[in-house]
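Here are the chains, one letter per residue:
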Amino acid sequence: MMKRKTRDAATDIRRRIPEGGEWPSRFEALVEADPPLRIEWNSLRAFHLNRTADREVVPFLHLFDGGLVAFWYREPSPAVVCIDHDGRPMVVAPTFDDFLRRINVKRTGIPDIDEGGRGYRVPGVRGRPTLKGLAELQ
């Protein structure tokens, strides 16, 4: 039952991708990893971000502290950002694939993922994360 609910949430997230934006092909791998966080879309209204955020940012993970992990569509292929519970954004990966690699080595910079209780790995993801382009996106 939980997998179906998560798949429905993924469908809801996908519908919110801006026109011209690419859906990360490995999103299903994140769903299969069954993270302890909720995969779901969330409104950004409570975070008081600037108006472009509603057009460029698509949340897909809800953190325990109320923060969000989201796709940032400044280009067709999204970077991944964390918006903490106070609304402060931080780029955590220049691509979704890099984000998945960061999950596997527990180096996302997000305590709920890196230090969280039940560990998990994203299947089929190999390699080490890159720092290329990360500083420029901050």
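(A) Focus on the sheet that holds strand β4 (residues 79-83). Pairing within the open sheet is antiparallel, and its 5 strands lie in the order β1-β2-β3-β4-β5. Edge positions in the sheet fall to β1 (38-39) and β5 (89-93), since each has one partner strand and no second. As defined by bridge partners, β1 adjoins strand β2 (residues 57-62) across 2 bridges and the pair is classed as antiparallel. Residue Ile 39 lies in a different strand from β2, and its bridge partner there is Leu 61. Along the sheet face, helix α4 (residues 96-105) touches β2, β3 (68-72), β4 and β5 and points at about 85 degrees away from the line of β5.

(B) Main features of the nonpolar core. Phe 27, Leu 30, Phe 60, Phe 71, Phe 96 and Phe 99 are the most contacted members of the largest nonpolar core, which totals 30 residues. At the level of elements, α1 (2-15), α2 (27-33), β2, β3, β4, β5 and α4 are the ones that each hand at least two residues to this core. By residue number, the principal contributor to this core is α2, which donates 5 residues. Core analysis: the next-biggest nonpolar cluster, separate from the first, contains 12 residues, Ala 53, Val 57, Ala 70 and Val 91 among them.

Parameters and conventions
- Residues numbered from 1 in each chain as written.
- Predicted model: local features only at pLDDT ≥ 70, side-chain atom pairs only at ≥ 80, totals over all residues.
- Heavy atoms only, no water.
- Pairing = 2+ DSSP bridges.
- Helix = DSSP H or I, 4+ residues; strand = E, 2+ residues; numbered from the N terminus.
- Contact = heavy atoms within 4.5 Å.
- Axes fitted to C-alpha atoms, helices over the stretch in contact; angles between N-to-C directions.
- Core = buried A, V, L, I, M, F, W, Y, C linked by side-chain atoms within 4.5 Å.
- Buried < 20%, exposed > 50% of the residue type's maximum accessible area, 1.4 Å probe, protein only.

Keep in mind these values describe shape, not function.
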